[in-house]
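Structural description and commentary
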Amino acid sequence: MTTDPLLKVDGLRIALSGSKTTYNAVEEVSFDIGRGEAFGLVGESGCGKSITALAVMGLLKRPLSLGGGRIVLDGEEIQDASPAEMRELRGSRIGMIFQEPMTALNPLSPVGRQIAEMFVLHQKAGWSEAMDRAEEALRQVRVPSPERRIKDYPHQLSGGMRQRVMIAIALACSPELLIADEPTTALDVTVQAEIIDLMAELCAAKGTAILMISHDLGLVANMCKRVAVMYAGRIVEAQPAEAIFADPQHPYTQGLVSSLPRLGERSRRGRQRLREISGVVPSIQAYPPGCRFNPRCPRATDVCLSVPPDITPLPADSLVRCHHHG
């Protein structure tokens, strides 16, 4: 555990209300992020990563709701904060980059005005000053000709430029924590690298901690000091980034690592073959009994089919949730 963490999520449970019953979409999720630290949360789509981030931001919408646990920001519990209190926190102390900027940005407002709103709402700046600061924010995220682009609407910008605008909005008021939810989705590889490098550079300069959410284990491991792996609503492993690659403990993590291409590795036929994890992530309404990974796990035994595994502590403040780890 990080001493005196900036963010502490403890026993988080997110409920999904169905027509006749309530399901636990996320449960027993705990992690902490130190000040200025980059922390990764990885897993396939449908594992609960994004709704965990929305819970931290206070943005859960019905049929999802907070079912239990604590969310502590800088020593202050915020899971029961009022909507007005959360609006004050969002932008000023917690920023968020959403995975699709075209839907996150207001299509009817110039991007400069959308950045300027942050300074007006959270720092009580006048509009003239706010627009000047918005232009400087665009310059910091390396948008060319910011004095002209400030008047553009989102549809007039490329995907990479829109994501830069999202970074400018999220970091405008120098928040203590930045949540980046799949920030490079739908971008080509070279633009992905530019966005990640830019985000890391700006956060380091401002001392901002990062919660990086992604299905790309390689991307997260390159950026983050520690990584937690999530599957079917639970964290199944958490280790330092280097250990995740060198010695993954959970079969799911091992599958994710094995599916990554490695430069220079080729099969006997001269072509590199990527391994895959058979099956799909179960739906929230159909989580299997016992270990939730058991239908896809090559190591599953009878105990895995009926008994949910407990968390096993590992060296270096790591953990794994598996009956047959290692």
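Up top is the structure.
Keep in mind that this is a model prediction, so the values were computed, not measured.

Digging into the packing of aromatic side chains
This model, assessed by the stated rule, comprises four aromatic pairs. With a centroid separation of 4.7 Å and an interplanar angle of 55°, the aromatic rings of Y231 and Y252 are classed as tilted. Taken together, the positions of Y231 in strand β9 (residues 226-231) and Y252 in helix α11 (residues 251-258) put the pair 21 residues apart, joining distant regions of the chain. On the accessibility criterion, Y231 (2% relative accessible area) is buried.

Looking at the packing of helix α4 (residues 111-123) against helix α7 (residues 159-170)
At a closest axis distance of 9 Å, the pairing of α4 and α7 adopts a crossing angle of 20°. When the axes of α4 and α7 are compared, the pair comes out roughly parallel. Pair α4 / α7 crosses with right-handed handedness. Each of V111, Q114, I115 and M118 in α4 lies in contact with α7, whose residues at this interface are V165, A168 and I169. Within the contact of α4 with α7, the residues separate by chemical class into six nonpolar, one polar and no charged.

Describing the sheet that holds strand β7 (residues 177-181)
Spatially, the eight strands line up as an open sheet ordered β6-β7-β8-β3-β9-β10-β12-β11, and their pairing is mixed. Across the chains shown, the open sheet's two edge strands, defined by having one partner strand only, are β6 (94-97) and β11 (311-314). Pairs of neighbouring strands in the sheet enclose a mean axial angle of 20°, with direction left out of account. In this structure, β6 lies alongside β7, joined through four bridges in parallel fashion. Its bridge partner lying in β7, M96 is registered against I179. Lying over the sheet, α7 contacts β6 and β7, oriented at roughly 170° with respect to β6.

A word on the nonpolar core
In terms of nonpolar packing, the biggest core is built from 65 residues, with I115, I167, M199, M212 and Y252 touching the most fellow members. What M212 contacts, discounting residues up to four positions off in sequence, is F39, G40, L41, A180, P183, I196, M199, L219, V220, M223 and C224. By size, the runner-up hydrophobic cluster in this structure holds 36 residues, among which are L12, L41, L64 and L73.

Thoughts on helix α5 (residues 127-140)
The end-to-end C-alpha distance of α5 is 20 Å, a good match for the 20 Å that 14 residues give at a rise of 1.5 Å each. All of the buried residues in α5 are A130, A134, A137 and L138. Seen end-on, α5 carries its buried residues on one side only, within an arc spanning 95°. Those residues of α5 that are exposed and aimed more than 90 degrees away from the buried face are S128 and D132. Residues of α5 that are buried sit in contact with α4, α6 (146-149) and α7. In the stretch just after α5, R142 is the one whose phi turns positive, near 65°.

Digging into the environment of H155
Note that H155 resides in the loop between α6 and α7. Looking at H155, the relative accessible area reads 54%, which means it is exposed. When the C-alpha positions of H155 and N106 are compared, they lie 9.9 Å apart, and in sequence the two are 49 residues distant.

Overview of α11
For α11, the tally of buried residues reaches six of eight residues, placing the bulk of the element in the interior. Contacts from the buried residues of α11 go to α9 (217-223), β9, β10 (234-240) and α10 (241-246).

Quick notes on the state of the cysteines
Counted according to the given criterion, the structure contains zero disulfides. C203 supplies the cysteine sulfur nearest to C224, a cysteine that is in no disulfide, at a spacing of 11 Å. Here C224 falls in the buried class, since its relative accessible area comes to 6%. We note that C297 lacks a disulfide partner, and the nearest cysteine sulfur, in C322, lies 6.2 Å from it.

Let's talk about the sheet that holds strand β5 (residues 76-77)
Judged by pairing direction, the sheet is antiparallel, and its four strands sit side by side in the order β2-β1-β4-β5 without closing on themselves. The open sheet has two edge strands, β2 (22-33) and β5, and neither has a second partner. One ladder, built from eight bridges, connects strand β1 (residues 7-17) with strand β4 (residues 64-73); its direction is antiparallel. Residue pairing for β4: L7 is matched across the bridge by L73. Set on the sheet, helix α1 (residues 49-57) makes contact with β1, β2 and β4; between it and β1 the angle comes to about 110°.

Rules used throughout
- Counting restarts for each chain, with residues numbered from 1 along the sequence as it is written.
- It should be noted that, the model being predicted, local features are given only for residues of pLDDT at least 70 and side-chain atom pairs only at 80 or more, the latter also being counted only at that level, while totals for whole chains, interfaces and linings use all residues.
- Excluded from the side-chain calculation are hydrogens and water; included are all heavy atoms of the structure.
- Aromatic pairing here means that ring centres of Phe, Tyr or Trp (its six-membered ring) are within 6.5 Å. Orientation follows from the plane angle: under 30 degrees is stacked, over 60 is edge-to-face, and everything else is tilted.
- Every helix listed is a DSSP run of H or I at least four residues long, and every strand listed is a run of E at least two residues long, numbered separately from the N terminus.
- Under the scheme applied here, a residue whose accessible area is under 20% of the maximum for its type counts as buried, over 50% as exposed, and between as partly exposed, the area being computed with a 1.4 Å probe on protein chains only.
- Axis lines are fitted through C-alpha atoms, for helices just across the contact stretch, and the angle between N-to-C directions can take any value from 0 to 180 degrees.
- With respect to orientation, any angle under 35 degrees is reported as roughly parallel, any angle over 145 as roughly antiparallel, any angle of 65 to 115 as roughly perpendicular, and every other angle as oblique.
- Crossing handedness: left-handed means the near helix sits turned counterclockwise from the far one by under a right angle, and right-handed means the same turn made clockwise.
- Note on contacts: a residue pair is in contact if any heavy atoms of the two residues lie within 4.5 Å.
- Gly falls in the polar group here, along with every residue not listed as nonpolar (Ala, Val, Leu, Ile, Met, Phe, Trp, Tyr, Cys, Pro) or charged (Asp, Glu, Lys, Arg).
- We treat two strands as partners when DSSP finds at least two bridges between them.
- The term nonpolar core refers to a set of buried residues drawn from Ala, Val, Leu, Ile, Met, Phe, Trp, Tyr and Cys, joined through side-chain atoms within 4.5 Å.
- One fewer than the residue count of a helix, multiplied by 1.5 Å, yields its expected span.
- When we speak of the arc, we mean the arc of directions from the helix axis to the C-beta atoms.
- Throughout, a disulfide means two cysteine sulfur atoms within 2.5 Å of one another.

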